[in-house]
Amino acid sequence: MTHYVVVQMDPKDPETLQQYYKVGGAAVKKHGGYPIAGGADKTVLEDNGGGIPAHVLLAFPDADAATGWIEDPELAEVHALRRKGAHTTITLLPPM
């Protein structure tokens, strides 16, 4: 069953984040994931002080694929770029 991952990013090093964007998609694809929506061109419908500047919604075939992506030792350098470029919260959502 498809599982979704929400990536919230608060950029802190735009140059490093640009490097991450160049390789991040391939890292997600390696585990069967793909982006559904997100990016800087979003419309905030409500923000009572908790807004994070960027969001991306990813889909993976199942929970194991999503955790495989985040725990893949071959992707350590890719994840390090993301962590250096932005404060992040990555959440695996349970199916409803």
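A brief report on the enclosed structure follows.

### Some details on the nonpolar core
Ranked by internal contacts, the top residues of the largest apolar core, which has 16 residues, are Val 5, Val 7, Met 9, Tyr 20, Leu 58, Phe 60 and Trp 69. Elements supplying a minimum of two residues to this core: β1 (3-11), α1 (14-30), β3 (54-60) and α2 (63-71). With four residues, α1 is the largest single contributor of residues to this core. Dropping the residues within four chain positions of it, Met 9 is found in contact with Leu 17, Tyr 20, Tyr 21, Ile 52, Pro 53, Ala 54, Arg 82, Ala 86, His 87 and Thr 88.

### Remarks on the sheet that holds β1
The four strands lie next to each other as β2-β3-β1-β4, forming an open sheet whose pairing is antiparallel. Lying at the two open borders of the sheet, with one neighbouring strand each, are β2 (34-38) and β4 (86-93). The sheet shows a mean angle of 25° between the axes of neighbouring strands, taken without regard to direction. Across the face of the sheet, α2 comes into contact with β1, β3 and β4 while running at roughly 160° to β4. Packing against the sheet, helix α3 (residues 76-85) makes contact with β1 and β4, and its axis sits at approximately 120° to β4.

### Description of the side chain of His 31
Locating His 31 in the fold gives a position in the loop between α1 and β2. Among the polar contacts listed, one links the side chain of His 31 to the side chain of Asp 72, at a separation of 2.7 Å. When sequence neighbours within four positions are dropped, the list of residues in contact with His 31 reads Phe 60, Pro 61, Ala 65, Gly 68, Trp 69, Asp 72 and Leu 75.

### Thoughts on the packing of α1 against α3
For the pair α1 and α3, the least separation of the axes is 9 Å and the interaxial angle reads 145°. Remark: the crossing between α1 and α3 carries left-handed chirality. The residues of α3 that touch α1, namely those facing Thr 16, Leu 17, Gln 19, Tyr 20, Val 23, Gly 24 and Ala 27, are Val 78, Leu 81, Arg 82, Lys 84 and Gly 85.

Parameters and conventions
- Residues numbered from 1 in each chain as written.
- Predicted model: local features only at pLDDT ≥ 70, side-chain atom pairs only at ≥ 80, totals over all residues.
- Heavy atoms only, no water.
- Core = buried A, V, L, I, M, F, W, Y, C linked by side-chain atoms within 4.5 Å.
- Buried < 20%, exposed > 50% of the residue type's maximum accessible area, 1.4 Å probe, protein only.
- Helix = DSSP H or I, 4+ residues; strand = E, 2+ residues; numbered from the N terminus.
- Contact = heavy atoms within 4.5 Å.
- Pairing = 2+ DSSP bridges.
- Axes fitted to C-alpha atoms, helices over the stretch in contact; angles between N-to-C directions.
- Polar contact = N/O pair within 3.5 Å; in protein donor to acceptor, adjacent residues only side chain to side chain.
- Left-handed = near helix turned anticlockwise from the far one by under 90°.

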